[in-house]
Protein chains: 2
Amino acid sequence: MNLLLLSNSRSPDGGYLTHAGAAIGEIAAGRKTAVFVPYAGVTIGWDDYTQRVVDVFAPLGIAVTSVHQASDPQAAVRQAEIIVVGGGNTFNLLKCCREAGLLPLIAARVRAGAAYIGWSAGANLAGPTIRTTNDMPIVDPGGFDALGLVSFQLNPHFTNALPAGHQGETREQRLAEFLVANPSAKVVGLPEGDWLRVRDAQVHLHGPWPASIFVGGQAVRSVDSPARLDPL
Amino acid sequence: MNLLLLSNSRSPDGGYLTHAGAAIGEIAAGRKTAVFVPYAGVTIGWDDYTQRVVDVFAPLGIAVTSVHQASDPQAAVRQAEIIVVGGGNTFNLLKCCREAGLLPLIAARVRAGAAYIGWSAGANLAGPTIRTTNDMPIVDPGGFDALGLVSFQLNPHFTNALPAGHQGETREQRLAEFLVANPSAKVVGLPEGDWLRVRDAQVHLHGPWPASIFVGGQAVRSVDSPARLDPL
């Protein structure tokens, strides 16, 4: 398997995925076409979202088409060389993928060799479940199970900071709750700007910041980047 | 109906529910017993959580027992004078209430005249659904529908601030997404320290800060406290 899981899309320079260009080129490895899944977009129209992604991938020599514009979205996934899943709302993403019958097809296609590139909600989707998303549950996805392309959970946009004076739970407190309810799970807290490169069982951390590893019954572990994370 | 819906439990002085003492006394109106639902607690044991609430209500002359210690939780709810639902994780709260068969019983008992006091997750539970919770979906609650004691959604711990430099969605962006997916819904964003007092169709805002009202297709409306919010 061949995955690129990014915490977020916005680069420190304000550009869209510009921090990820080299990593996208590396995983693409000469593939010339990609299929985009825009379903996490809620306040952005899927046509506009697709155009934004087309504009990022075109200079890399990769032509992007979206499942929402395909006459047969399932066939588009079955033939995809690269599957690209964008961020937005994870619940909307999972609901729409489920309703379109794409979940088992995406998983099968990636297991058969297609590359998978996801950011934010699209990174969440690669895990066993979406139970460590930060998003608001604006729609019922009909169950929380996701693609299960990796054995660990992702928490994108990881930070432990709170707005000054705010009493809501910190991210570490939320993930501690997750581990109490799911004691055998493992979570990678991926700060903005970082990404994981997964090659079969190998998991490499990249980007400027340390990641935080959460395992039930253990203290949170900070790992400087770059690093090999497996076995978690 | 007779509801007290608090944004949060921690008072500015660091005390537990101390900011809510007068409001609890007012809604209790001489009732001497209350039944507590501790199911939102995940990293706090339910015995400890119950003791914390017992200690808050005892000086007000109200004896608290918890459904998790009752030999027949359903009977406890059916006979409750006051139902108290504490904060924590909203998904865990809804899941446990559903599994214990308490959702229709709580709703019926409150519609029949029992007082309802909830904070944070317990305030979320009073709305039509939990789709505007801030919590992480650490367990699958088996559907997002909640008590429906009020017609609007609650967003407790409301703030639009983000940690410095963070790119995740603001709360207003999250609630805008919710309204795109649920265009006929209305949401009260309740900042920490504030609460709603609901008497049948009347909804009064109390506490030190303005609340934010979200209605699909309209700009966010800030309402100074105190104020009557109905009709939303």
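Residues numbered from 1 in each chain as written. Chains lettered and ligands numbered in written order. Predicted model: local features only at pLDDT ≥ 70, side-chain atom pairs only at ≥ 80, totals over all residues. Heavy atoms only, no water.

As recorded in an unreviewed UniProt entry, chain A goes by dipeptidase E and comes from Rhodoferax koreensis. According to UniProt, the comment filed for chain A under the heading Catalytic activity (unreviewed entry) is "Dipeptidase E catalyzes the hydrolysis of dipeptides Asp-|-Xaa. It does not act on peptides with N-terminal Glu, Asn or Gln, nor does it cleave isoaspartyl peptides." (UniProt positions renumbered as here; feature names shortened; annotations may be inferred.)

Draft legend 1. Quick look at the overall build of chain A. For chain A, the count of helices and strands is seven helices and 12 strands. A compact globule built from 232 residues would reach a C-alpha radius of gyration of about 17 Å, and chain A, at 17 Å, matches this within 12%. For the C-alpha atoms alone, the extent of chain A along its principal axes is close to 45 × 35 × 35 Å. Residue burial in chain A is summarised as follows: out of 232 residues, 60% are buried. For chain A, the share of sequence-separated contacts (at least 6 apart) that also reach a separation of at least 24 residues comes to 67%. Of the roughly 8600 Å² of accessible surface on chain A, 51% is carried by carbon and sulfur atoms. Taking the 17 positively charged and 19 negatively charged side chains of chain A as two groups, their mean positions are separated by 6 Å. (Helix = DSSP H or I, 4+ residues; strand = E, 2+ residues; numbered from the N terminus. Rg over C-alpha atoms; globule rule 2.2 N^0.38 Å. Buried < 20%, exposed > 50% of the residue type's maximum accessible area, 1.4 Å probe, protein only. Contact = heavy atoms within 4.5 Å. Areas by Shrake-Rupley, 256 points an atom, 1.4 Å probe, with all protein chains shown as cover. Lys, Arg positive; Asp, Glu negative; His and termini not counted. Charge placed at Lys NZ, Arg CZ, Asp CG, Glu CD.)

Draft legend 2. Summary view of the sheet that holds strand β2 (residues 33-37) of chain A. Residues and elements named next belong to chain A. Strand order across the open sheet formed by eight strands is β3-β2-β4-β5-β1-β8-β9-β12, with mixed pairing between neighbours. Of all the strands in the sheet, the pair left with one neighbour each is β3 (63-66) and β12 (227-228). Taken together, the five bridges between strand β8 (residues 195-199) and strand β9 (residues 202-206) define a ladder with antiparallel strand orientation. Among the inter-strand pairings, R199 is bridged to a residue of β9, identified as Q202. The strands touched by helix α1 (residues 21-28) within the sheet are β1 (2-6), β4 (82-85), β5 (115-119) and β8, with β1 carrying the most contacts at an inclination of about 165°. (Pairing = 2+ DSSP bridges. Axes fitted to C-alpha atoms, helices over the stretch in contact; angles between N-to-C directions.)

Draft legend 3. Quick look at the interface of chain A and chain B. At the interface, 43 residues of chain A touch 43 residues of chain B. Of the roughly 3300 Å² buried at the junction of chain A and chain B (both faces included), carbon and sulfur atoms supply 59%. For the chain A face of the interface with chain B, the top three residues by lost area are M136, Q167 and E177 of chain A, together amounting to 20%. Put simply, chain A and chain B have two salt bridges between them. A salt bridge links R174 of chain B to D135 of chain A; its shortest N-O distance comes to 3.8 Å. There are six residue pairs in polar contact (both at pLDDT 80 or more) connecting chain A and chain B. No other element matches the eight residues that helix α7 (residues 171-181) of chain A contributes to the side of chain A that touches chain B. A per-class count over the side of chain A that touches chain B returns 17 nonpolar, 17 polar and nine charged. (Buried area = accessible area lost by both parts, 1.4 Å probe. Salt bridge = Lys/Arg side-chain N within 4 Å of Asp/Glu carboxyl O. Polar contact = N/O pair within 3.5 Å; in protein donor to acceptor, adjacent residues only side chain to side chain. Nonpolar A, V, L, I, M, F, W, Y, C, P; charged D, E, K, R; others polar.)

Draft legend 4. View of the environment of G113 of chain A. All names here are of chain A. Summarising the element assignment, G113 is placed in the loop between α5 (103-111) and β5. Taking relative accessible area as the criterion, G113 reaches 37% and is therefore assigned partly exposed. Considering only alpha carbons, one finds G113 and F152, 39 residues apart in sequence, at a separation of 20 Å.

Draft legend 5. Representation of the pattern of salt bridges. Residue and element names in this part refer to chain B. A full pass over the atoms with the stated rule returns 12 salt bridges over all chains. Residue E26 is joined to R199 by a salt bridge in which the shortest nitrogen-to-oxygen separation is 3.3 Å. Of this pair, E26 sits in helix α1 (residues 21-28) while R199 sits in strand β8 (residues 195-199); the two residues are 173 residues apart in sequence, bridging distant segments of the chain. The salt bridge involving R174 is made with E169; its shortest N-O contact spans 3.7 Å. Grouping residues by exposure puts R174 and E169 together as buried.

Draft legend 6. Representation of the side chain of Q153 of chain B in the model. Note that Q153 of chain B resides in strand β6 (residues 153-158). Classification of Q153 of chain B by relative accessible area gives buried; the value is 4%.

Draft legend 7. Molecular detail of the pairing of β5 of chain A. Residue and element names in this part refer to chain A. Along β5, five of the five residues are buried, which leaves the element largely enclosed by surrounding structure. As defined by bridge partners, β1 adjoins β5 across four bridges and the pair is classed as parallel. The partner of L4 across the bridge, within β5, is I117. Of the strand pairs in this sheet, β4 and β5 are connected by four bridges, and their pairing is parallel. Across the sheet, residue V85 finds its bridge partner in β5, namely G118.

Draft legend 8. Spatial organisation of the relation of the copies chain A and chain B. If you rotate chain A by 180° and push it 0.0 Å along the axis, it lands on chain B with an RMSD of 0.0 Å. Within this description, the copies of the chain are treated as partners about a two-fold rotation axis. Of every C-alpha in chain A, the one belonging to P163 of chain A sits nearest the axis of rotation, 2.4 Å from it. A shared interface surface links the copies, since 100% of the contact residues of chain A are contact residues in chain B too. (Least-squares fit on C-alpha atoms with pLDDT ≥ 70 in both.)

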